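What the coordinates show
Chain by chain, the residues:
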Amino acid sequence: MFLFQPNSRIKPSPFLEAAILDGLKMANVYNRMIMPTSYGDPEGEYWRLINGVSQWDVGVERQVQLKGKDAAKLAQILVTRDLSRCEVGQGKYVAICDHRGTIFNDPILLKLADDLFWLSIADSDVELWARAIAAERGLDVEICEPDVSPMAIQGPKAEDVVAHVVGNWVRELKYFWFRECEIEGIPVAIQRSGWSKQGGFEIYLKDAQFGTRLWNIFKEAGKPWDIGPGAPATPERVESGLVSVGGDTDDETNPFEIRMEKYIDLHVPDDTIGIQALRQIKVEGFRRHQLGIILEGDTPAPLGVHREDIVASGKKIGMLTNCVWSYRLKANIGFALVDRAVPVGAQVEVLRQAGRSNGRLVEMPFL
Ligand code: THG
């Protein structure tokens, strides 16, 4: 038998207890936290997300708070997207790059006030990075992790459930916009967002002691729509072409290579980290691009722990960074990070652990 031993360096999500009571069966590690991944029926959880409404503990989407006179200045130094017209109450999907233009995080930035921002981060230590940059540049800003944890309500029926709990005003929220409010006295911010393309909201809980209560409020309210517990579903996010930075990237990947050009503003000030490198990459051209791949064969063959080489005419042209059985396309599909000379439509081979597999490169999203 193998037992997982928690310690004080593994931050518990405020929803984890409720998730376990609801039958959590599998989890991952993300941002040094336990990330629920399945309640024992991955296919059922997938179809509930596609057709109904699903409730997710995504407390692993940790917040990094920037507060103070130079908070806006620091935000623009950290992210390679123009924030000058970002309004209070608005969120934006952004890239954080290092000085070489390599992307290492892709948070949602939330502007709560002119001098207050949250970066709702993917899996790498942005707080440490932000502190170092702020200190090196002598900025007047406080950086901390606030007591804020997201829970997602996702799927085509999510809006009905959330409107039932907080009111019809949520129907008017634009994508990534949010509003702070209370649910039965529990302080939250509600944003139209979530790591799926099926629509939905994230409820940012602002006081961890109410995790189980907030979970149960939505569990109860969602019963007429058959809500159930779930988690970010790999088949759905791959079908939808959503990138997982860290999973689909390596330590040389720039945002252009992974279809993020529309979130990069090359005209931001020169002191934005990585922007000078990105301008140069834009002029000189980048080396790889990310395409979808559809593999032959009709048995599920997901990617294991390791990325797999992709070859064409006997030469390595790139790597498969994820692969999953698509319930809607009825094929194994994945993301291919390949040389830019290799076009959409190319027939390739993947050196899978079980043997060679033929595949075809396609445009994303798949669906
Ligand atoms: N919610 C919150 N924090 C997060 C995530 C989230 N932090 C980590 C991770 N997810 C960040 N990554 C993404 C990636 C894609 C999207 C959101 C967060 C996304 N993208 C849409 C797309 O690519 O089509 C829309 C982007 C746009 O058009 O602006 O939604 O999920 N709190």
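What comes next concerns the included structure.

What counts, and where the lines are drawn
- Residues numbered from 1 in each chain as written.
- Predicted model: local features only at pLDDT ≥ 70, side-chain atom pairs only at ≥ 80, totals over all residues.
- Heavy atoms only, no water.
- Pairing = 2+ DSSP bridges.
- Helix = DSSP H or I, 4+ residues; strand = E, 2+ residues; numbered from the N terminus.
- Axes fitted to C-alpha atoms, helices over the stretch in contact; angles between N-to-C directions.
- Contact = heavy atoms within 4.5 Å.
- Buried < 20%, exposed > 50% of the residue type's maximum accessible area, 1.4 Å probe, protein only.
- Phe/Tyr/Trp six-rings, centres within 6.5 Å; stacked < 30°, edge-to-face > 60°.
- Lys NZ or Arg CZ within 6 Å of the ring centre and 35° of its normal.

1. Overview of the sheet that holds strand β15 (residues 228–230)
Overall, mixed pairing links the six strands, which are arranged β12-β13-β14-β11-β3-β15 in an open sheet. Both edges of this open sheet fall to β12 (178–183) and β15, since each of them pairs with a single strand only. Ignoring strand direction, the axes of neighbouring strands in this sheet form an average angle of 30°. Of the strands in this sheet, β3 (54–57), β11 (149–154), β12, β13 (186–192), β14 (200–205) and β15 touch helix α6 (residues 211–221), which is tilted by about 170° from β3.

2. Focus on the pairing of strand β20 (residues 347–352)
In β20, alternate side chains face the same way, and those of V348, V350 and R352 are buried while those of Q347, E349 and L351 on the opposite face are not. With two bridges connecting them, strand β17 (residues 308–312) and β20 associate as antiparallel partners. Bridge pairing in β20 links I310 to V350. Between β20 and strand β21 (residues 355–362), which pair antiparallel one after the other, the connecting turn spans two residues.

3. Description of the packing of aromatic side chains
Per the counting criterion, the structure on display carries eight aromatic pairs. Ring centres 5.0 Å apart and planes at 80° place the aromatic pair Y46 and W47 in the edge-to-face group. The exposure class of Y46 is buried, given its relative accessible area of 1%. Classification of W47 as partly exposed rests on a relative accessible area of 30%. The rings of Y46, W47 and Y327 are connected pair by pair, giving a single aromatic cluster. The ring centre of W177 lies 4.6 Å from the NZ or CZ of K174, which sits over that ring. Just above the ring of F335 sits the side chain of R259; from NZ or CZ to the centre is 5.7 Å.

Any functional reading would require information that these geometric values do not contain.
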